Amino acid sequence: MLFVMERKLDTSKLDDLMQSNGFSISALARATGYSKEAVSNWCRGESQPRPASLLRLALALQVSGEELLSGTPHDLPRVSFREKARRKVDEKFRSDFARSARHLEHLIPHLPEKMCHSVFIRSPRIDYKHIQAEAMRFRQQLGVELGGYEIGFVRLLTYVQNTGAIMIPVPWGHKSHPVNGVHVNLPKSNTDWLYINIDTPVVDAKFWLLHEIAHMLTPSLVPDSSIAEQYADAFAQAVLCPEPVASNLHSRLLSLNSDALRIKHLKKLGVMLTVSPYTLYRASNEYAKANGKKEIRLEKAIYGAVTNVVKETPTLSELMFSSSPPEPDEYVSESSKLFNTSFFDALKSFVVATGKSSSILCRLLGLSTVDAMDIYGVLTHHGATETTA
């Protein structure tokens, strides 16, 4: 990708990214193949990298070249994806989704006035003790005691509602769609929007909702960058299985005399807490690594255990609706009630006021034309009939 260097390198962004990625000037010089003097001059703004040099910097810092430049439009949506295991979101999907997300701005006048989110994690970094401290602070905000294990899904929904973020429950399918959740921040209106795939197994639902909450709490991290995704995953894991719980789990797993018994224990605990056994397994080993203890290796068996648990676990939509897939009217009404979201009311107000067609639902919800028309009919009380855009 070529970059036209009409804008200058943003030295403030560069410094932040170097710190979050653990790069000194010397280390960045080695990673990019340039001299220490050249990198130092770029960091001080005394010279500007050529397009090829900018690309190397971006690759080393795991961001796009555009994000390193000053004057980047501040009203563009900041979008972060929670990818499914072994699924990758390609650039076309990312760019198409970002373009569609801009239409959310049209709904702002149709939303009830809400409080703005003002609690953020300062200086987020990939550090075990830091993440554990932030996770414990978050659990306290939820009202979960240190000895309390399970965090209910509804409790997390209530937290999101209290921040003023808008939740968008979407039927994206369990396997066909590449993501489980999406966080969108609209800088122009300073609003947060969380897309929630209701076709996700409940055993995974709390993790990916916490993953998106982490993105809300860390606006200083570049959206959808490697560091932002690692932090969101680590935060979600630490909230669901904080260090005291991970310590007890690690001791218990070590006391069992076979991998089969360890897998059985992880599955049982996962079902009890409504958390993936893999999350618990990772939490146990992260605790061990941070505290100089023996890690437990179950890679050959843990993935099969996770697959079995997922197969035995219903999806959110299967618990929410009387039929699968749900009827359009039930989808709108039950999603609005369970997630206590004003999204559908705002969408209805918008399409009625503007006469927009069902194509706006295709863009905002990522639905097929047929599904969009059915939901459009519910919102406008026109059945499958719609007005013209």
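Just above, that's the structure.
Residues numbered from 1 in each chain as written. Predicted model: local features only at pLDDT ≥ 70, side-chain atom pairs only at ≥ 80, totals over all residues. Heavy atoms only, no water.

K.L.:
I would appreciate a short explanation of the packing of helix α2 (residues 25-32) against helix α4 (residues 51-61) in the present structure.
P.N.:
One can describe the packing of α2 onto α4 by two numbers: an axis separation of 9 Å at closest approach and a directional angle of 110 degrees. On the basis of their axis angle, the class for α2 and α4 is roughly perpendicular. Handedness of the α2/α4 crossing: right-handed. Residue-level inspection shows L28, A31 and T32 of α2 in contact with α4, the latter providing R56, L57, A60 and L61. Counted by class, the contact of α2 with α4 contains five nonpolar, one polar and one charged residues. (Axes fitted to C-alpha atoms, helices over the stretch in contact; angles between N-to-C directions. Helix = DSSP H or I, 4+ residues; strand = E, 2+ residues; numbered from the N terminus. Parallel < 35°, antiparallel > 145°, perpendicular 65-115°, else oblique. Left-handed = near helix turned anticlockwise from the far one by under 90°. Contact = heavy atoms within 4.5 Å. Nonpolar A, V, L, I, M, F, W, Y, C, P; charged D, E, K, R; others polar.)

K.L.:
What is the right way to look at helix α13 (residues 299-312) in this model?
P.N.:
For α13, which comprises 14 residues, the first-to-last C-alpha distance of 21 Å matches the rise-based estimate of 20 Å (1.5 Å per residue) to within 8%. Listed in full, the buried residues belonging to α13 are I302, A305, V306, V309 and V310. Down the axis, α13 shows its buried residues gathered within 135 degrees of arc, on one side only. Seen from the open side of α13, the exposed residues pointing more than 90 degrees away from its buried face are K300, K311 and E312. Its buried side turned inward, α13 meets α8 (202-217), α11 (259-273) and α12 (277-290). (Expected span 1.5 Å × (residues − 1). Buried < 20%, exposed > 50% of the residue type's maximum accessible area, 1.4 Å probe, protein only. Arc of directions from axis to C-beta.)

K.L.:
In this structure, what is going on with the nonpolar core? I would like to understand it.
P.N.:
As a rule of thumb, nonpolar side chains are buried together in soluble globular proteins. Counting residues in hydrophobic clusters, the biggest one holds 99 residues, and the most contacted among them are L104, F138, V184, W193, L209, F343 and L361. Among the elements that take part in this core, α8 stands out by supplying eleven residues, more than any other. Once you skip the residues sitting within four places of it in the chain, L361 turns out to touch L347, V351, G366, L367, A372, I375, Y376 and L379. In this structure, L17, W42, A60 and L61 belong to the second largest nonpolar core, which totals 17 residues. (Core = buried A, V, L, I, M, F, W, Y, C linked by side-chain atoms within 4.5 Å.)

K.L.:
I tried to follow a negative patch on the surface on my own but got confused; where do I start?
P.N.:
Residues E327, D329, D371 and D374 make up a contiguous surface patch of negative charge. Relative to the elements of secondary structure, D374 occurs in helix α18 (residues 369-380). (Patch = residues over 30% accessible without salt bridge, like charges linked within 9 Å, V, L, I, M, F, W, Y side chains within 5 Å. Areas by Shrake-Rupley, 256 points an atom, 1.4 Å probe, with all protein chains shown as cover. Salt bridge = Lys/Arg side-chain N within 4 Å of Asp/Glu carboxyl O. Lys, Arg positive; Asp, Glu negative; His and termini not counted. Charge placed at Lys NZ, Arg CZ, Asp CG, Glu CD.)

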